[in-house]
Amino acid sequence: MIDHDTTDEFDGPSRSQLRREALDVLKLATTLATLSDAQLDRLPLPDDVRSEVERTRATPSHGARKRQTQFLAKQLRRLDEDALDAVRKLLDHDRQSAHRQTAVLHQIEAWRDRLLAEGDAALDPLLERHPGGDRQQLRALIRQARLEAERAKPPRASRELFRLLRALVDAPAD
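The rules we used
- Residues numbered from 1 in each chain as written.
- Predicted model: local features only at pLDDT ≥ 70, side-chain atom pairs only at ≥ 80, totals over all residues.
- Heavy atoms only, no water.
- Salt bridge = Lys/Arg side-chain N within 4 Å of Asp/Glu carboxyl O.
- Helix = DSSP H or I, 4+ residues; strand = E, 2+ residues; numbered from the N terminus.
- Buried < 20%, exposed > 50% of the residue type's maximum accessible area, 1.4 Å probe, protein only.
- pLDDT = per-residue confidence, 0-100.
- Expected span 1.5 Å × (residues − 1).
- Arc of directions from axis to C-beta.
- Contact = heavy atoms within 4.5 Å.

Draft legend 1. Examining the pattern of salt bridges more closely. Considering all chains together, one arrives at 13 salt bridges under this definition. Taking the shortest distance from any N to any O, the salt bridge between Arg 88 and Asp 24 comes out at 3.1 Å. Of this pair, Arg 88 sits in helix α5 (residues 81–118) while Asp 24 sits in helix α1 (residues 15–33), placing them 64 residues apart in sequence. A relative accessible area of 22% means that Arg 88 is categorised as partly exposed. As a salt-bridge pair, Arg 88 and Asp 85 come within 3.4 Å of each other at their nearest N and O atoms. With Arg 88 and Asp 85 both in helix α5 and three residues apart, this pair spans about one turn of that helix. Where salt bridges share partners, they join Asp 24, Glu 81, Asp 85 and Arg 88 into one cluster.

Right, dumping it as structure tokens:
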């Protein structure tokens, strides 16, 4: 008789789980290869892994770059899980910071568009929200930007208005 209830259970991760983890590290390697030098310098990577990242970035051919990225992932898998988690957390923090900066830029663009469309009616809510603004300078830039738009000239005043709004929004609230 064959006993189907064996006690030899495998306690390790499943093959699917190992594959998911390997693909996750490969995705991390691909992300590392697309970072700029400044972003890469902020990450706590060992020198050998950093040199592999640079070698991957310098590989021009698609097939060779894919192989090099897979080799970089292999080097990353040799690191301990804590080091990989630290790299992932920093990358996630950078991504969230970039999203916040983008949201602020969209908010500034919305204020600029609203000021150009509504004029003084939109200026009061802006100055209520950001009291450090110079009403006269803002009104002059709005008027100038409208004239430039009507005359189909380059949007110099609109850009200047954007810079002023960015300084106003970025200024610490008192």
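Draft legend 2. Highlighting the confidence of the model for the protein chain. Here the protein chain averages 89 in pLDDT, and 93% of its residues register 70 or above. At the low end of the mean pLDDT range in the protein chain sits helix α2 (residues 37–41), at 88; at the high end sits helix α4 (residues 62–77), at 94.

Draft legend 3. Representation of α1 within the structure. Over its 19 residues, α1 extends 27 Å from the first C-alpha to the last, a length consistent with the 27 Å expected when each residue adds 1.5 Å. All of the buried residues along α1 are Val 25, Leu 28, Ala 29, Leu 32 and Ala 33. Seen end-on, α1 carries its buried residues on one side only, within an arc spanning 140 degrees. For α1, exposure combined with an orientation more than 90 degrees from the buried face picks out Arg 19 and Lys 27. Tucked into the core, α1 has its buried residues touching α2, α3 (47–58), α4 and α5.

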